[in-house]
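Geometric and topological summary
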Amino acid sequence: MQLLSVASEIFPLIKTGGLADVVGALPAALALEGINVRSLIPGYPGVMGALDAAEALHQDADFFGGPARLVAANAMGLELLVLDAPHLYARKGNPYTGPDGKDWPDNGIRFAALSRMAANIGQGLLPDWVPEVIHLHDWQAALTAAYLVYDGKARPGTAITIHNLAFQGQFPPALLPQIGLPPQAMSLDGIEYYGSIGYLKAGLRFADRITTVSPTYAGEILSPEFGMGFDGLLRGREGLVSGILNGVDDLQWNPATDRLIAARFDRTSIQDRPANKLALQQRFGLNPDARAPLFAVVSRLTWQKGMDLLLAAVPVLLAAGAQLAVLGSGEPWIEAGLRSAAFANPGRVGCILGYDEAGAHLLQAGTDALLVPSRFEPCGLTQLCALRYGAIPVVARVGGLSDTVIDANPMALAAGAATGVQFQPPSSAMLEAAIRRTVALYRNEAVWQGMQRAAMATDVSWRIPAKHYAELFRGIAAKAG
Ligand code: ADP
Ligand code: GLC
């Protein structure tokens, strides 16, 4: 089976969050299920620079306001189709924002172009390779489903995966002629969303199937509390919505072979792990104290991630004799709060503001516990990495966090099944209680090591999720064909 995956990010070429990890890891996992994936992505400078032996398959002198090429290339084991349109993508900054941190003013055009190209490929632009299914990721790819429906030509099946309902891609109605959709598309039953053009809305309205990245989030988004304005539409298509848990690339994230950590270990050699704790404490300017419970965070520093709850809980964490290491970047007021917490508590709170892939690996290998106090979390990947590295996740019981961590309640502990600590609702009081509970568990060495072993025995790979995706795609292809 041939599948086109369409996204705005792909690890290791271009990443701002977990979306890139998923888009980068799924193709290899699906290959084992007999699905050949080609990934369509924009030709940002970082992507163009990484391509070897690129071959132009198609050229267009005027594609959304400038010349464009569709280029086939392999990079880092990925089979890529790259939309090389310098007027849209050859810019410094990240995929969505310029160096000033503001959204690119033409994002509506940039991602309509990506989606238009995906639809063209679905309609046979490349005669040697016509996908049976197109897999759309988030709003940046979502318009593909609308193009295919409004064009009314023979088309492949489509599935859209929601990685985060908070990012919806809304643009002014005046854009409609420029993106090449007919006037009748601008209706409640089409792509209109509260007076704007809704890109994600288009995907949710027209894709054949809708998935999100955990079963619990798939249920949550049907409610007004988590639906972010889409719960009505999603309830109307409820039978087509499902949740498939994310995995992590278990070659890249393997404590037994990881070259980015200080000491390698596995489930049978957890005693070798503490060398990583020491290295982590050094890296974050913390006191080199093997017995102090060490909590860590690696995250975007945003409201979604509950980072303000964490700031409020710092005094309780310190009163419990613990240390805190934070790696991340995000909203200025959270960054400032962390900086002053580190300044006020030298040796006990350390933060590194920025993006550091190697730092993330050392953090998972060295920390005792990983805090994820998210207000909502479609899946979350850092708690999966934590499990694999024997770091105990302390998580809010929402979305994918509730599906992936087994709380250390008395029954789970007695059964040897507990892998972490959950709390709810996401508030600083509940987070503080969870921190105290975690420290108590940590102080009981036998219990803690039992949890570490159970955590490391958890299968967080793509093997099982890939089977679910394969089944979904085959179902879609059978219907479309
Ligand atoms: P989200 O996509 O909502 O940000 P996820 O948990 O799904 O959250 O994915 C986040 C990914 O980004 C993980 O792979 C995590 O390790 C990585 N990450 C986040 N912040 C940083 C950082 N400052 N440095 C390195 N990696 C980071
Ligand atoms: C989003 C979500 C996160 C999820 C990731 C990959 O960024 O916030 O929960 O793990 O996408 O699916």
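What counts and how
- Residues numbered from 1 in each chain as written.
- Chains lettered and ligands numbered in written order.
- Predicted model: local features only at pLDDT ≥ 70, side-chain atom pairs only at ≥ 80, totals over all residues.
- Heavy atoms only, no water.
- 1 Å grid on protein atoms, 1.4 Å probe; cavity = no way out; pocket = protein on both sides within 12 Å on 5 of 7 lines; lining within 4 Å.
- Points joined across faces, edges and corners; volume = space filled by probe spheres on them.
- Helix = DSSP H or I, 4+ residues; strand = E, 2+ residues; numbered from the N terminus.
- Nonpolar A, V, L, I, M, F, W, Y, C, P; charged D, E, K, R; others polar.
- Near = heavy atom within 4 Å.
- Polar contact = N/O pair within 3.5 Å; in protein donor to acceptor, adjacent residues only side chain to side chain.
- Areas by Shrake-Rupley, 256 points an atom, 1.4 Å probe, with all protein chains shown as cover.
- Domains from an automatic or database assignment.
- Contact = heavy atoms within 4.5 Å.
- Expected span 1.5 Å × (residues − 1).
- Buried < 20%, exposed > 50% of the residue type's maximum accessible area, 1.4 Å probe, protein only.
- Buried area = accessible area lost by both parts, 1.4 Å probe.
- Pairing = 2+ DSSP bridges.
- Right-handed = clockwise from strand over helix to strand, strands pointing away.
- Salt bridge = Lys/Arg side-chain N within 4 Å of Asp/Glu carboxyl O.
- Axes fitted to C-alpha atoms, helices over the stretch in contact; angles between N-to-C directions.
- Core = buried A, V, L, I, M, F, W, Y, C linked by side-chain atoms within 4.5 Å.

A short note on empty space enclosed by the protein
- Counted according to the given criterion, the structure contains one cavity of 30 Å³ or more.
- One number sums up the size of the largest cavity: a volume of about 40 Å³.
- Taken together, Leu3, Ser5, Val23, Leu26, Pro27, Leu30, Val37, His135 and His137 make up the lining of the largest cavity.
- When residues in the lining of the largest cavity are grouped by element, the largest group, four residues, is from helix α1 (residues 18–31).
- Looking at the lining of the largest cavity, its residues break down into six nonpolar, three polar and no charged.

As for the site of ligand 2
- Contacts to ligand 2 come from 14 residues, most closely from His163, Asn246, Glu377, Cys379 and Gly380.
- Here asparagine 164 contributes a side-chain N or O atom positioned 3.4 Å from an oxygen atom of ligand 2.
- Cysteine 379 places a main-chain nitrogen or oxygen 3.0 Å from an oxygen atom of ligand 2.
- A total of 310 Å² of accessible area belongs to ligand 2 in isolation, and the protein chains cover 94% of it.
- Sort the elements by how many residues they give to the shell around ligand 2 and α1 lands first, with three residues.
- Within the shell around ligand 2, the residues separate by chemical class into six nonpolar, six polar and two charged.
- Counting only domains with at least three residues in the shell around ligand 2, you end up with domain 1 (2–247 + 463–480) and domain 2 (267–456).

Side note on the site of ligand 1
- Residues in contact with ligand 1 amount to 18 residues; listed here are only the nearest, Gly18, Asp21, Arg300, Lys305 and Gly354.
- Within the backbone of glycine 18, one N or O atom sits 2.6 Å away from an oxygen atom of ligand 1.
- Contacts to ligand 1 include arginine 300, whose side-chain N or O atom sits 2.7 Å from an oxygen atom.
- In terms of residue class, the shell around ligand 1 is made up of five nonpolar, seven polar and six charged.
- Residues from two domains meet in the shell around ligand 1; each of domain 1 (2–247 + 463–480) and domain 2 (267–456) gives at least three.

Some remarks on the environment of alanine 391
- Structurally, the position occupied by alanine 391 is in the loop between α15 (382–388) and β17 (392–396).
- Each C-alpha atom, one on alanine 391 and one on alanine 369, is 5.1 Å from the other, the two residues being 22 residues apart in sequence.
- Excluding residues that lie within four positions of it along the chain, alanine 391 makes contacts with Arg273, Gln364, Thr367, Asp368 and Ala386.

Here we look at helix α20 (residues 463–480)
- For α20, with 18 residues, the first-to-last C-alpha span of 26 Å sits near the 26 Å given by 1.5 Å per residue.
- All of the buried residues in α20 are Pro465, Ala466, Tyr469, Ala470, Leu472, Phe473, Ile476 and Ala477.
- Packed against the buried residues of α20 are β1 (2–6), α1, β6 (133–137), β7 (157–162), β11 (209–212) and β12 (241–243).

Considerations on the domain arrangement of the chain
- Structurally, the chain comprises domain 1 (2–247 + 463–480) and domain 2 (267–456).
- The distance between the C-alpha centroids of domain 1 and domain 2 comes to 33 Å.
- Taken together, the contacts link 20 residues of domain 1 with 17 residues of domain 2.
- Both faces considered, domain 1 and domain 2 share a buried interface measuring about 1300 Å² in area, 64% of it formed by carbon and sulfur atoms.

Some points on the pairing of strand β16 (residues 369–372)
- Judged by which residues are buried, β16 turns out to be covered on both faces: Ala369 and Leu371 on one side and Leu370 and Val372 on the other are all buried.
- Relative to β16, strand β13 (residues 294–301) runs parallel, the two sharing two bridges. Bridge pairing links alanine 296 to leucine 370 in β16.
- Summarising the sheet, β16 and β17 pair through four bridges and their orientation is parallel. Residue pairing in the sheet places leucine 370 in a bridge with proline 393 of β17.
- At this point the chain moves from β16, through α15, to the parallel β17, and the crossover so formed is right-handed.

Notes on the layout of surface pockets
- Counted as a void, the second largest pocket has a volume near 520 Å³.
- Residue lining of the second largest pocket: 20 residues in total, with Pro274, Asp368, Tyr442, Glu445 and Gln449 positioned closest to the centre.
- Listing elements by their share of the lining of the second largest pocket, those giving two or more residues are α11 (274–283), α18 (428–443) and α19 (445–457).
- The dominant element in the lining of the second largest pocket, judged by the number of residues it contributes, is α19, at five residues.

Some remarks on the pattern of salt bridges
- For the structure shown, the criterion picks out 15 salt bridges.
- When the shortest N-O distance is used, the salt bridge between arginine 69 and aspartate 84 registers 3.0 Å. Linking arginine 69 in strand β4 (residues 68–75) with aspartate 84 in strand β5 (residues 78–84), this pair joins segments that are 15 residues apart in sequence.
- Taking the relative accessible area as the measure of exposure, arginine 69 reaches 30% and is therefore partly exposed.
- Here aspartate 84 falls in the buried class, since its relative accessible area comes to 12%.
- Here arginine 235 makes a salt bridge to aspartate 231, at a shortest N to O gap of 3.1 Å. Remark: aspartate 231 and arginine 235 occur in helix α10 (residues 231–236); sequence separation between them is four residues, near one turn of the helix.
- Accessibility expressed as a relative area gives 10% for aspartate 231, which makes it buried.

A short note on the sheet that holds β17
- Strand order across the open sheet formed by six strands is β15-β14-β13-β16-β17-β18, with parallel pairing between neighbours. Edge positions in the sheet fall to β15 (349–353) and β18 (421–423), since each has one partner strand and no second. Taking each pair of neighbouring strands and ignoring which way they run, the sheet shows an average axis angle of 20 degrees.
- Sitting on the sheet, helix α14 (residues 357–366) touches β13, β14 (323–330) and β16, and the angle it makes with β13 is about 150 degrees.

Topic: the nonpolar core
- Core analysis: the largest hydrophobic core is formed by 148 residues, its most contacted members being Leu40, Ile179, Phe295 and Leu371.
- Of all the elements, helix α4 (residues 107–122) adds the most residues to this core, at nine residues.
- Each of domain 1 (2–247 + 463–480) and domain 2 (267–456) contributes no fewer than three residues to this core.
- Val22, Leu26, Leu30 and Trp462 belong to the second-largest nonpolar core, a separate cluster that totals 20 residues.

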